[in-house]
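So the chains spell out like this:
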Amino acid sequence: MTPSPWTADLDAQLTRRWSDADRPSCAQIGRDLGLTKNQIIGRAHRIGLPKRESPVHTARRKRPLRFCHDGHLGNRVGPITDCKFIAGDPHGAAARGENPFCGEPSLPGSCYCADHHAVCYTRAAEFAA
Ligand SMILES: [Zn+2]
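Chains are numbered independently. Their residues run from 1 in the order of the written sequence. Only residues with pLDDT of at least 70 get local features here, since the model is predicted, and only at 80 or more are side-chain atom pairs given and counted; chain-wide, interface and lining totals rely on the full set of residues.

Draft legend 1. Representation of the environment of Leu107 in the model. Note on placement: Leu107 falls in the loop between helix 5 (90–95) and helix 6 (114–120). Residues Leu107 and Thr81, spaced 26 residues apart in sequence, show a C-alpha to C-alpha distance of 8.0 Å. Those residues in contact with Leu107 that sit more than four places away from it in its chain are Tyr112, Cys113, Ala114 and His117. Put simply, DSSP marks the helices as runs of H or I at least four residues long and the strands as runs of E at least two long, and each gets a number from the N terminus on. Contact between residues is assigned whenever the C-beta positions, reconstructed from backbone atoms, fall within 7 Å.

Draft legend 2. Structural context of the packing of helix 2 (residues 26–33) against helix 3 (residues 37–46). Axes here refer to lines fitted to C-alpha atoms; in helices the fit is confined to the stretch in contact. Angles between the N-to-C directions go from 0 to 180 degrees. Where helix 2 meets helix 3, the axes come as close as 7 Å, and the angle between the chain directions of the two elements is 105°. Here helix 3 runs roughly perpendicular to helix 2, going by the angle between their axes. Taking contact as the criterion, the partners of Cys26, Ala27, Ile29 and Gly30 in helix 2 are, on helix 3, Lys37, Gln39, Ile40 and Ile41. Ten residues, namely Ala, Val, Leu, Ile, Met, Phe, Trp, Tyr, Cys and Pro, are considered nonpolar, four, namely Asp, Glu, Lys and Arg, are considered charged, and the remaining ones, Gly among them, are considered polar. For the contact of helix 2 with helix 3, the per-class residue count stands at five nonpolar, two polar and one charged. Working definition: roughly parallel below 35 degrees, roughly antiparallel above 145 degrees, roughly perpendicular at 65 to 115 degrees, and oblique for all remaining angles.

Draft legend 3. The arrangement of helix 3 in detail. Backbone-placed C-beta atoms define the burial measure: a residue is buried with 20 or more other C-beta atoms within 10 Å of its own, exposed with 12 or fewer, and partly exposed in between. Taken residue by residue, helix 3 has Ile40, Arg43 and Ala44 as its buried positions. Take helix 3 and look down its axis: the buried residues cluster within an arc of 100°, on one side only. Counted as exposed and oriented over 90 degrees from the buried face of helix 3: Asn38, His45 and Arg46. Tucked into the core, helix 3 has its buried residues touching helix 1 (8–18) and helix 2. Think of the arc as the fan of directions from the helix axis to the C-beta atoms.

Draft legend 4. Up close: helix 2. Three or more residues of helix 2 are buried, namely Cys26, Ile29 and Gly30. Down the axis of helix 2, the sector holding all buried residues measures 100°, keeping them to one side. Looking at the packing, one finds that the buried side of helix 2 touches helix 1 and helix 3. Gly34 sits one or two residues past helix 2 and shows a positive phi near 75°.

Draft legend 5. Quick peek at unusual backbone geometry. With phi around 50°, Arg23 is a residue other than glycine that occupies positive phi space. The exposure class of Arg23 is partly exposed, given the 13 C-beta atoms found within 10 Å.

Draft legend 6. Region of interest: the packing of helix 1 against helix 2. With their axes 11 Å apart at the nearest point, helix 1 and helix 2 run at an angle of 145° to one another. Where helix 1 crosses over helix 2, the handedness of that crossing is right-handed. Facing helix 1, whose interface residues are Leu10, Gln13, Leu14 and Arg17, helix 2 presents Ile29, Asp32 and Leu33. A breakdown of the residues in the contact of helix 1 with helix 2 according to their chemical character gives four nonpolar, one polar and two charged. Working rule for handedness: look at the near helix, and if it is turned counterclockwise from the far one by less than a right angle, call the crossing left-handed; if clockwise, right-handed.

Here you go:
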């Protein structure tokens with residue numbers, strides 16, 4: 001069996017790098033300490049270092065909300081000029097050959113006009129009230 005490479009000094013270095021402000025990846029910490037990414041992850045777990053958020057998830061959360069999640073149209077990015085709020089019965093409108101969407105000019109960065117944006121988006125504080 002291979003002896004563990006971990007010394008008190010390495011543990012201290014790992015702990016320091018783990019919570020570094022520049023958020024090095026596990027692979028990066030491994031390169032710095034001469035170990036593998038898996039050794040870093042395993043050791044961090046063993047000595048009880050706090051879980052780290054994936055940098056991918058962090059980046060995703062910080063991105064401004066610009067998607068239209070209306071299901072039928074799929075995700076759309078970028079300027080959308082007509083309100084995509086479906087008013088009334090979409091199947092009936094389609095059967096009659098009508099456009100089921102509201103069609104008013106949408107707010108910048110929203111799929112909806114001002115009225116329908118207010119209907120579709122609420123803030124957490126409003127729920128608490
Ligand atoms: Zn609308």
